[in-house]
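Each chain, letter by letter, is given below.
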Amino acid sequence: MRLDRWLAEAGFGSRKEVKRLILRGHVTIDGRRVRDPAYKVRPGEQVAVDAEPVEPPTLKRYFRFYKPRGYVTSTRDPLPTVMEFFREIPRHERLFPVGRLDRDAEGLILVTDDGELAHRLLHPKYRVPRIYLVTVEGEFREDGLTSFRKGFDLGRRKTLPAEARILEKGEGTTLLEVTLFEGQPHQIKRMFGILGYRVVALKRIRYGSLELGDLRPGEFRALTREELSALRKWVGV
Ligand code: URA
């Protein structure tokens with residue numbers, strides 16, 4: 001692994017910050033000063049910052065989690081956060097949820113300590129699909145479906161083309177499946193709001209190749225190696 005990434009992953013700050021440390025000569029490897037951020041650290045080499053030996057970065061962790069309603073998708077908040085479910089996990093303070101679901105929404109969230117993968121999964125450039133089950137008040141009119149493909153003006157920028165289909169018309173509500181390829185704040189509620197519908201239930205069931213599957217509210221499971229490599233493929237890592 002490159003020295004700058006190695007140090008960033010070992011907790012010495014962002015890539016930019018650790019590059020500065022290296023260039024200023026604070027870093028040694030097996031006692032020799034190294035000023036090249038691209039230096040490839042080999043297993044067994046002793047990296048030190050200001051002569052203090054540094055523990056090698058640990059392997060990254062990845063969990064798929066069923067966020068229940070009533071929790072905030074954040075690491076710090078006066079209200080109960082999704083991180084309360086991870087208190088028993090060693091080094092849980094490094095974990096964070098990837099992206100947001102509103103407090104009253106539920107469903108799939110990836111929780112990890114891999115900042116690089118998280119950044120890519122959230123970036124609209126990669127167009128990672130997120131699938132939601134959405135219940136709206138009233139009978140949804142079919143002609144509203146094309147608006148999702150055309151895009152909505154939500155102020156900051158127009159939404160990317162999305163997909164929507166009606167799954168079920170119930171007693172005073174309609175159940176739809178919506179696929180987004182980005183995540184703007186409260187995007188689904190705002191899109192339906194523009195069409196004159198109120199969202200009464202929102203559940204994410206898929207994120208890229210990751211599925212909510214049989215998880216129950218509040219449960220999480222470590223990704224299998226196959227699940228992780230399938231997810232990485234979406235974003236080219
Ligand atoms: N869209 C919303 O409005 N809320 C969410 O939590 C996710 C997508």
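This text follows the structure it describes.
Counting starts from 1 at the beginning of each chain's written sequence and moves along it residue by residue. Confidence filtering applies because this is a predicted model: local features only for residues at pLDDT of at least 70, side-chain atom pairs given and counted only at 80 or more, and all residues used for totals across whole chains, interfaces and linings. With hydrogens and water set aside, each side-chain value is computed from the structure's full complement of heavy atoms.

### Describing the pairing of strand 8 (residues 130-137)
Piece 1. Across the eight residues of strand 8, six count as buried, placing the element largely inside the fold.
Piece 2. Sheet topology note: the strand 8/strand 11 (residues 199-207) ladder contains seven bridges and is antiparallel. If you follow Arg130 over to strand 11, its bridge partner there is Tyr207. Note on classification: 1.4 Å probe, protein chains only; a residue is buried when its accessible area is under 20% of the maximum for its type, exposed when over 50%, partly exposed between these limits. In this description a helix means any DSSP run of H or I spanning at least four residues, a strand means any run of E spanning at least two, and both kinds are numbered starting from the N terminus. For two strands to be treated as a pair, DSSP must find at least two bridges joining them.

### What to know about the packing of aromatic side chains
Piece 1. Two rings belonging to Phe, Tyr or Trp (six-membered ring only in the last case) form a pair when the distance between their centres is within 6.5 Å. Interplanar angles under 30 degrees mark stacking, angles over 60 mark edge-to-face geometry, and anything in between is tilted. Under the criterion given, the structure shown has 10 aromatic pairs.
Piece 2. On the basis of an interplanar angle of 50° and a centroid distance of 5.3 Å, the ring pair of Phe65 and Phe85 is categorised as tilted. Residue Phe65 is found in strand 5 (residues 62-67), and its partner Phe85 is found in the loop between strand 5 and strand 6 (96-97); the two are separated by 20 residues along the sequence.
Piece 3. For Phe85, a relative accessible area of 24% translates into the label partly exposed.

### What to know about unusual backbone geometry
Leaving glycine aside, a negative phi is the common case for residues, and trans is the common case for peptide bonds.
Piece 1. A positive phi angle, close to 50°, is found at Asp50, a residue other than glycine.
Piece 2. By relative accessible area, which is 49% here, Asp50 ends up partly exposed.
Piece 3. Its identity as a non-glycine residue notwithstanding, Ala51 has a phi of 70°, on the positive side.
Piece 4. Summarising the element assignment, Ala51 is placed in the loop between strand 3 (47-49) and strand 4 (52-53).
Piece 5. The exposure class of Ala51 is exposed, given its relative accessible area of 67%.

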